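Here is what each chain is made of, one letter per residue.
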Amino acid sequence: MKNYLSNYMCSRYFSILITSLVITVSLSSCIATKSYEQPEMQTEELYPFEQVKMDSTTLADMPWEEVFKDPQLRDLIQEALKKNLQLRSAIEQIRVAEADFFQGRMSMLPTLSLGANASYNEQSDNASSFGGAGVGSIPASERYSVSMSSSWELDVWGKLTSAKQASFAALLRAEATRRAVQTRLIAQVANSYYRLLALDKQLEITKETVKNRRQDVEAIRSLKESGLVTGVSLQQSIANRYAAEVTIPELRQQISEQEHALSILLGRAPGSIKRNSLEEQSPIDSLATGVPAQLLRNRPDIIAAEHSFRSAFELTNNARAQFYPSLRLTAEGGYQSLQTDDLFQPGSVFYNLIAGITQPIFNRGQNKAQLKRSKARQEQAKLELRSTIINASSEVSNALSSYNNAEEKRNLSRKQLEALQNAVEYSRELLQYGEANYTEVLTAQQNYLSAQLSNINNKLQQLTAGVDLYRALGGGWNKSDIQINNKN
């Protein structure tokens, strides 16, 4: 009865001690960590242009299936989203971050282990204190035990909580990075597709030009025989034909390289790409940029940069908490006996409880260095966030400016093409009647071909500028794609 009361009182005092210690330290835990506050992000004058009227409507809210009308392009984008190696790697990074977060969350729970031991010990005769065989020798001994042990570090200073929150912010950053890779991939596939169509059109125009210049050579040869032009004009017409024809192999090479580059984006081996024509493509008909605040919500890279700052903030909390004591509870209990028959008898039960507290005093300045490093990284993350916002603003402005300038150039180019086509036809007629020399015809033809190729580039610029604007605004991913539970 006396032993029972003694054990009860010890257990009672132990519980009171632990409870008092936890309450005291918990009341002081606010000293170690700080609550996260979103950094201030200025959006005034984030858009330095006045080309469009800004309202809450934004191109970024449109699904990419509605932005891109070409069915062949939509199929290519869908294939890239399934097979692109960089995107698949970003998805695997999410799984790594999920594992890290799970590990951080589990670190807040107690550990529990089950163990079993059996030992047999027999001393040598010469190891006895008396020496000599049979005199004072120690008999052999056996020991058997089955036990469970548990250890739990109380998170009174928020050290484990801040580490868990940092890993959760890293998980959200990995998901945002995946979306950033997706939006960039969609833009890359679309722009590569448009460049391929532009090269096809350039090749088509060049072949048609070569065909016309072959006819010109025959016409000049007839005029030479009639004495209306000299042999110099004939040689110039032949050289003019080859000047256009020599670009055909180069264009074919560029087409092949562009197909291979697009194949890499699709995650497939280099090969031909099924496609339509440039004439069938229409620029994006909406230039709605929305208000600057929407850019912060739609751009995945901005979202990822903010989560990086959140992770760095929580790691600073964790580094600050390293200066405070660690409180750990350890418990072990089970059965222990010298004979296997008595192992699970009531008299074989044993247990122990240990409460330990460790206060860092001197560890060669490692905690101070870690806190200093964490604060610097937090400031770096904040600056990177601001830089990402400014870069996003610049990309939106550049894409919109490029789109408008390309449209203006296309309008002027159409008028130029009409005038140059008339110049080519008039010069040919005048040449037949001896009222013009071949140099005038040659100049008109070269200018016309250059204007045709320039018009293709202007349309390509408008198409790619629309794609760049869509990506710069944060288009290409849906908010319903987010599958991470924000409850950490």
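Each remark here, short or long, concerns the structure printed above.
Draft legend 1. Quick peek at the overall build of the chain. Within the chain, the secondary structure is distributed over eleven helices and four strands. Looking at the chain as a whole, 39% of its 488 residues are labelled buried. Restricting to contacts in the chain with at least 6 residues of sequence separation, those with at least 24 account for 84%. Total accessible area on the chain stands at roughly 28000 Å², and carbon and sulfur atoms take up 51% of it.

Draft legend 2. Inspection of the environment of glutamine 359 at higher detail. When you line up the elements, glutamine 359 lands in the loop between strand 4 (349–358) and helix 10 (366–432). Spatially, the C-alpha atom of glutamine 359 lies 7.7 Å from that of phenylalanine 323, the residues being 36 residues apart in sequence. Setting aside residues no more than four positions away along its own chain, glutamine 359 makes contact with Phe323, Tyr324 and Pro325.

Draft legend 3. Looking closely at the sheet that holds strand 2 (residues 141–154). The antiparallel open sheet is built from four strands, whose spatial order is 1-2-3-4. The strands lining the two open edges of the sheet, one partner per strand, are strand 1 (111–121) and strand 4. Between one strand axis and the next, the sheet turns by 20° as a mean value, whatever way the strands run. As judged from the ten bridges shared by strand 3 (residues 326–337) and strand 4, these two strands associate in the antiparallel manner. Paired with leucine 329 across the strands is alanine 355, a residue of strand 4.

Draft legend 4. Quick look at the environment of asparagine 457. Looking at the secondary structure, you find asparagine 457 in helix 11 (residues 438–472). Each C-alpha atom, one on asparagine 457 and one on lysine 409, is 10.0 Å from the other, the two residues being 48 residues apart in sequence.

Draft legend 5. Looking closely at the pattern of salt bridges. A full pass over the atoms with the stated rule returns 16 salt bridges. A salt bridge links lysine 159 to glutamate 153; the nearest nitrogen and oxygen atoms lie 3.1 Å apart. Considered together, lysine 159 and glutamate 153 belong to a single accessibility category, that of buried residues.

Draft legend 6. Representation of the pairing of strand 3. By the bridge criterion, eleven bridges tie strand 2 to strand 3 in an arrangement that is antiparallel. Paired with serine 147 across the two strands is glycine 334, which belongs to strand 3.

Draft legend 7. Local environment of the packing of helix 3 (residues 71–83) against helix 5 (residues 159–225). Here helix 3 crosses helix 5 at 140°, and the two axes come no closer than 10 Å. When the axis of helix 3 is compared with that of helix 5, the two are oblique. Handedness of the helix 3/helix 5 crossing: right-handed. Residues Gln72, Leu73, Leu76, Ile77, Ala80 and Leu81 of helix 3 touch helix 5, and the partners they reach there are Gln182, Leu185, Ile186, Val189, Ala190, Tyr193 and Tyr194. Taken together, the residues of the contact of helix 3 with helix 5 sort by class into eleven nonpolar, two polar and no charged.

Draft legend 8. Fine view of the side chain of glutamine 378. As for its position among the elements, glutamine 378 is in helix 10. A residue is classified by how much of its surface remains accessible, and glutamine 378, at 17% relative accessible area, is buried. Leave out the neighbours within four places in its chain, and glutamine 378 touches Phe309, Ala312, Phe313 and Thr316.

Draft legend 9. The packing of aromatic side chains, seen in detail. Summed over the entire model, instances satisfying the criterion amount to seven aromatic pairs. Counting every residue linked through ring pairs, the aromatic cluster contains Tyr36, Phe309 and Phe313.

Draft legend 10. Broad picture of the side chain of asparagine 367. Its location among the elements puts asparagine 367 in helix 10. With residues near it in sequence (within four places) discarded, asparagine 367 still touches Gln322, Phe323 and Pro360.

Draft legend 11. Seen up close, the nonpolar core. Of all hydrophobic cores here, the largest spans 59 residues; its most connected members are Phe68, Leu73, Val189, Tyr194 and Leu469. At 15 residues, the largest contribution of residues to this core is made by helix 5. Phe101, Leu171, Leu172 and Ala174 belong to the second largest nonpolar core, which has seven residues in total.

Draft legend 12. Highlighting a nonpolar patch on the surface. There is a patch of nonpolar side chains on the surface, built from Phe102, Met106 and Leu109 and spanning about 280 Å² of accessible area. Tracing the backbone shows phenylalanine 102 in helix 4 (residues 85–106).

Draft legend 13. Expanded view of the packing of helix 3 against helix 4. Taken N-terminus to C-terminus, the directions of helix 3 and helix 4 make an angle of 45°; their axes are 6 Å apart at the nearest point. Viewed along their axes, helix 3 and helix 4 adopt a mutual orientation that is oblique. Here Ala80, Leu81, Lys82 and Lys83 of helix 3 lie close against helix 4, whose contacting residues are Leu85, Leu87 and Arg88. Taken together, the residues of the contact of helix 3 with helix 4 break down into four nonpolar, no polar and three charged.

Draft legend 14. Examining helix 5 more closely. The end-to-end C-alpha distance of helix 5 is 97 Å, a good match for the 99 Å that 67 residues give at a rise of 1.5 Å each. Residue glycine 227 follows helix 5 closely and has a positive phi angle near 80°.

Draft legend 15. Layout of the environment of lysine 409. Tracing the backbone through its elements, the reader meets lysine 409 in helix 10. Take lysine 409: its relative accessible area is 37%, and that puts it in the partly exposed class. For the pair lysine 409 and asparagine 455, spaced 46 residues apart in sequence, the C-alpha separation works out to 8.1 Å. When near neighbours in sequence (up to four residues on either side) are disregarded, lysine 409 contacts Asn458 and Gln461.

What counts and what doesn't
- Residues numbered from 1 in each chain as written.
- Predicted model: local features only at pLDDT ≥ 70, side-chain atom pairs only at ≥ 80, totals over all residues.
- Heavy atoms only, no water.
- Helix = DSSP H or I, 4+ residues; strand = E, 2+ residues; numbered from the N terminus.
- Buried < 20%, exposed > 50% of the residue type's maximum accessible area, 1.4 Å probe, protein only.
- Contact = heavy atoms within 4.5 Å.
- Areas by Shrake-Rupley, 256 points an atom, 1.4 Å probe, with all protein chains shown as cover.
- Pairing = 2+ DSSP bridges.
- Axes fitted to C-alpha atoms, helices over the stretch in contact; angles between N-to-C directions.
- Salt bridge = Lys/Arg side-chain N within 4 Å of Asp/Glu carboxyl O.
- Parallel < 35°, antiparallel > 145°, perpendicular 65-115°, else oblique.
- Left-handed = near helix turned anticlockwise from the far one by under 90°.
- Nonpolar A, V, L, I, M, F, W, Y, C, P; charged D, E, K, R; others polar.
- Phe/Tyr/Trp six-rings, centres within 6.5 Å; stacked < 30°, edge-to-face > 60°.
- Core = buried A, V, L, I, M, F, W, Y, C linked by side-chain atoms within 4.5 Å.
- Patch = residues over 30% accessible without salt bridge, like charges linked within 9 Å, V, L, I, M, F, W, Y side chains within 5 Å.
- Expected span 1.5 Å × (residues − 1).

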